[in-house]
Protein chains: 2
Amino acid sequence: MCRLVFVDARAYNSTNINIRKSMPSRTNSNDVARLAGVSRSTVSRVFTDGAYASAETSERVMKAADQLGYCPNAIARSLSMNRTSLIGVIVGELDNPFYADILQVIGVKLQQRRLASLLFVANPSAMDTLIPQVLSYRVDGVIISGATLSSKMALRCQSAGIPVVLVNRYTDSDLISSVVGDNVDGAGQVARLFAERGYRRIGFMAGLPEASSSRDREHGFRIKLADFGLSVSAREVGSFTLEGGARAARAMLCRPDRPEAVFCANDMMATATIDIARTEFNLRIPEDLAVAGYDNSSLAGMLAYQLTSVDQNTTLMAEAALENLLQPSLGAKPPAQVVRIPSKLVERASTTLLAAN
Amino acid sequence: MCRLVFVDARAYNSTNINIRKSMPSRTNSNDVARLAGVSRSTVSRVFTDGAYASAETSERVMKAADQLGYCPNAIARSLSMNRTSLIGVIVGELDNPFYADILQVIGVKLQQRRLASLLFVANPSAMDTLIPQVLSYRVDGVIISGATLSSKMALRCQSAGIPVVLVNRYTDSDLISSVVGDNVDGAGQVARLFAERGYRRIGFMAGLPEASSSRDREHGFRIKLADFGLSVSAREVGSFTLEGGARAARAMLCRPDRPEAVFCANDMMATATIDIARTEFNLRIPEDLAVAGYDNSSLAGMLAYQLTSVDQNTTLMAEAALENLLQPSLGAKPPAQVVRIPSKLVERASTTLLAAN
């Protein structure tokens, strides 16, 4: 039996902590080793480094552990080893399927390395109380995923000596490492597509103006358009949300010089734009209006949208983030780096397709 | 400064653990109290029970802590207090926006209670290695959210003395507590709507046949239809996914006695059904085919779908799950209970709307 702890919900709201406990006699790894007929180090390996025990041994050890009610104590081990194997994962926008996907990939990859994700849902207005909470768990590292999260959190963790990596954004600080998609190149691919399809009146919908992802996508889009002698004729800010995208689409589509093609800095704004174009302006997609998004999230593939979008490779992004966080530190402090993952345009029916050859 | 721990990524793949550490002299809460001019217990309150310190005091303490680089050690505290304030949260299907939403709500509510979510992404094929990992962190409780997760995990945690609550499913075991929506009643509301709108050829699309949510929705739908003298004339299994829903929709819509209205056991299958009906069968929604889903997830509200759906109150579900998990335990073991949260039909344009009075 592991510890049996009853937690009184009221205890969390008062200083009068009242925990009743029952402590069955604890079995240890020696007991399990004896019953399974293996060495103590084999038991330890099965529980901390499963990959290096044979399936047969693993099963025998697990069966013995089950029988004895044994489970190792990662918390106690963390104190003796001076690491917790906990990685703080701070997310901001789980209603965006792109971030839900990133979280899923990060979670799976941490588990594969026998690390655990300590999840924090960031409410931008409550970041200050979140910081000490994250730090108090002595996490081995922090991953911050979200275009809109303040960089204060990152700097505070970094100054507490905890490695930090940002995913899908970077800061001006040269202290903080980041993993981002190659937003300049990805947006450039959309510009090239629009130019090649012959669109001339072109709109751009920004996310949050302060987010590096939005700024880089706008920059990459504009410079590649310029290569083709084109420019952005309408620009609105959609704040990366469905609601903001709908408002921005209305503003863009009621102009007398309505764009023929709009590039939105994420898929949520792009699907909102398609919805507003169809329902409020009676426009056909792509005949009357071409729309492209960014992220190639699950929304983009839905048949009602068939959205041309730029794929950010979430698997590679998550891998790069973990690698950066867990990299061997040879010097006192590894230099911060911005890792850029190649992005790839995925063409669908929301932009005019080339006729088949 | 907190501990500065460098973790070598290679260490996780070998038994040769190699951790280099630098241990700056640690400041403690006494130092912070002295600098802030408050008592040590006030410092402790700010860090563990923020709500009970004034904003002014809180700010002074945080500023002093910042200046000294102090952060409390939740891990060490957990050993002395015999609780970790960690709640294991096991999720299975983050690609379903309903579960991403549930996770977000649970995360926020745990943080408000100064508890942290230890997130595990369940891969059904790797559940056995996940179990000892979750247990090793001595979590104070486990929340399992996902229709398709095996109940083995729940029973294993329970037998290790760790309270467990399932969200959105229950098991036959009377040992495991659950929080579910009132699926029988919610599905009954869809049946009533279909009957009142005059639909006669009615289809039902099941999720995973073994999931309690799918079974209860089918049961509630059929018994309420029977009250109106109706029955299900076509039934397919869509496995709760977009792909499964598309396959099931094709099978249902190519029948000579094609349904006039289909109730799908979740929104993902319902949106897939709308997509297939429009693109492959050239059907208008709702004139040729009415479609209703379940969950009232973000998909349902999108203008391209405008899906009539049954709202599961994720906020109430998350609250009930935490309350169940953290309830004061007066006896040796609280009896397991199944908490049902009322569900509410949300009517949109995917079913025929009543004319305005």
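What you are looking at is a predicted structure, and each value in this text was computed from that prediction instead of being measured.

Would you take a moment to explain the confidence of the model for chain A for this structure?
Any segment with low pLDDT has predicted coordinates that should not be analysed in fine detail. Residues and elements named next belong to chain A. For chain A, per-residue confidence averages 83 on the pLDDT scale, and residues scoring 70 or more make up 82% of the total. Predicted confidence is poor over residues 1–25, with pLDDT under 50, and the contacts of this stretch with residues over four places away or in other chains come to 66 contacts. This prediction of the complex comes with two scores: 0.81 for pTM and 0.79 for ipTM.

What should I look at first to understand the nonpolar core in this one?
It is characteristic of soluble globular proteins that their nonpolar side chains tend to be buried jointly. Core analysis: the largest hydrophobic core is formed by 102 residues, its most contacted members being Phe194(A), Phe221(A), Phe263(A), Phe194(B), Phe221(B) and Phe263(B). Setting aside residues up to four positions removed in sequence, Phe263(B) forms contacts with Ala187(B), Val190(B), Phe194(B), Gly203(B), Phe204(B), Met205(B), Arg217(B), Phe221(B), Ala292(B), Gly293(B) and Tyr294(B). Counting 54 residues, the second largest nonpolar core, distinct from the first, contains Leu103(A), Leu110(A), Ala100(B) and Ile106(B).

Where do I start with the pairing of strand β7 (residues 177–181) of chain B in this structure?
Regular strands place side chains that alternate from one sheet face to the opposite one. Residue and element names in this part refer to chain B. The element β7 is largely enclosed, with a buried count of five among its five residues. Note that strand β6 (residues 164–167) and β7 share three bridges and pair parallel. Residue pairing across strands places Val 165 opposite Ser 177, the latter belonging to β7.

Any chance you could explain the sheet that holds strand β10 (residues 261–264) of chain A here in plain terms?
Whether parallel or antiparallel, the strands of a sheet pair through hydrogen bonds between backbone atoms. Residue and element names in this part refer to chain A. Overall, mixed pairing links the six strands, which are arranged β9-β8-β10-β11-β12-β14 in an open sheet. At either end of the open sheet lies a strand with only one pairing partner, and these are β9 (232–237) and β14 (343–346). Here the strands of the sheet are splayed against their neighbours by 20° on average, with no regard to which way each runs. Looking at chain direction, β10 and strand β11 (residues 290–295) are connected through three bridges and run parallel.

How should the sheet that holds strand β11 (residues 290–295) of chain B be read in this particular structure?
Residues and elements named next belong to chain B. Read across the open sheet, the six strands follow the order β9-β8-β10-β11-β12-β14; overall the sheet is mixed. Looking at the sheet topology across the chains shown, the edges are occupied by β9 (232–237) and β14 (343–346). Adjacent strand axes in the sheet meet at a mean angle of 20° when their direction is disregarded. Sheet strands touched by helix α10 (residues 242–253): β8 (202–206), β9 and β10 (261–264). Its angle to β9, the strand with the most contacts, is close to 145°.

In this structure, what is going on with unusual backbone geometry? I would like to understand it.
Glycine aside, negative phi is the norm for most residues, and most peptide bonds take the trans geometry. Across the junction of Ile285(A) and Pro286(A), the peptide omega takes the value 5°, indicating a cis bond. Position of Pro286(A) relative to the elements: it lies in the loop between α11 (267–281) and β11. Here the phi dihedral of Asn296(A) falls at roughly 45°; this positive angle occurs in a residue that is not glycine. Given a relative accessible area of 18%, Asn296(A) falls into the buried group. We note that Phe240(B) has phi near 70°; this positive angle belongs to a residue other than glycine. Take Phe240(B): it is sitting in the loop between β9 and α10.

Before we go on, may I ask you to explain the side chain of Lys109(A) in this structure?
Relative to the elements of secondary structure, Lys109(A) occurs in helix α5 (residues 97–112). Residues contacting Lys109(A), with those up to four places away along its chain left out, are Thr315(A), Ala318(A), Glu319(A) and Leu322(A).

I tried to follow the packing of aromatic side chains on my own but got confused; where do I start?
Ring pairs (aromatic) are described by centroid distance and by the angle formed between their planes. All names here are of chain A. Evaluated as defined, the whole model comprises 15 aromatic pairs over all chains. On the numbers, 4.8 Å between centres and 50° between planes, the contact of Phe 221 with Phe 263 is tilted. Here the residue Phe 221 occupies a position in helix α9 (residues 212–227), and Phe 263 occupies one in strand β10, the gap between them amounting to 42 residues. On the basis of relative accessibility, which here comes to 0%, the residue Phe 263 falls in the buried class. Ring geometry for Phe 263 and Tyr 294: centres 6.2 Å apart, planes at 45°, overall tilted. Here Phe 263 is found in strand β10, whereas its partner Tyr 294 is found in strand β11, with 31 residues between them in sequence. When sorted by exposure, Phe 263 lands in the same class as Tyr 294, which is buried. Among the aromatic residues, those joined into a cluster by ring pairs are Phe 194, Tyr 199, Phe 204, Phe 221, Phe 263 and Tyr 294. The cationic tip of Arg 217 hangs over the ring face of Tyr 294; the distance from NZ or CZ to the ring centre is 3.9 Å.

Each value, and the rule that gives it
Residues numbered from 1 in each chain as written. Chains lettered and ligands numbered in written order. Predicted model: local features only at pLDDT ≥ 70, side-chain atom pairs only at ≥ 80, totals over all residues. Heavy atoms only, no water. pLDDT = per-residue confidence, 0-100. Contact = heavy atoms within 4.5 Å. Core = buried A, V, L, I, M, F, W, Y, C linked by side-chain atoms within 4.5 Å. Buried < 20%, exposed > 50% of the residue type's maximum accessible area, 1.4 Å probe, protein only. Helix = DSSP H or I, 4+ residues; strand = E, 2+ residues; numbered from the N terminus. Pairing = 2+ DSSP bridges. Axes fitted to C-alpha atoms, helices over the stretch in contact; angles between N-to-C directions. Phe/Tyr/Trp six-rings, centres within 6.5 Å; stacked < 30°, edge-to-face > 60°. Lys NZ or Arg CZ within 6 Å of the ring centre and 35° of its normal.

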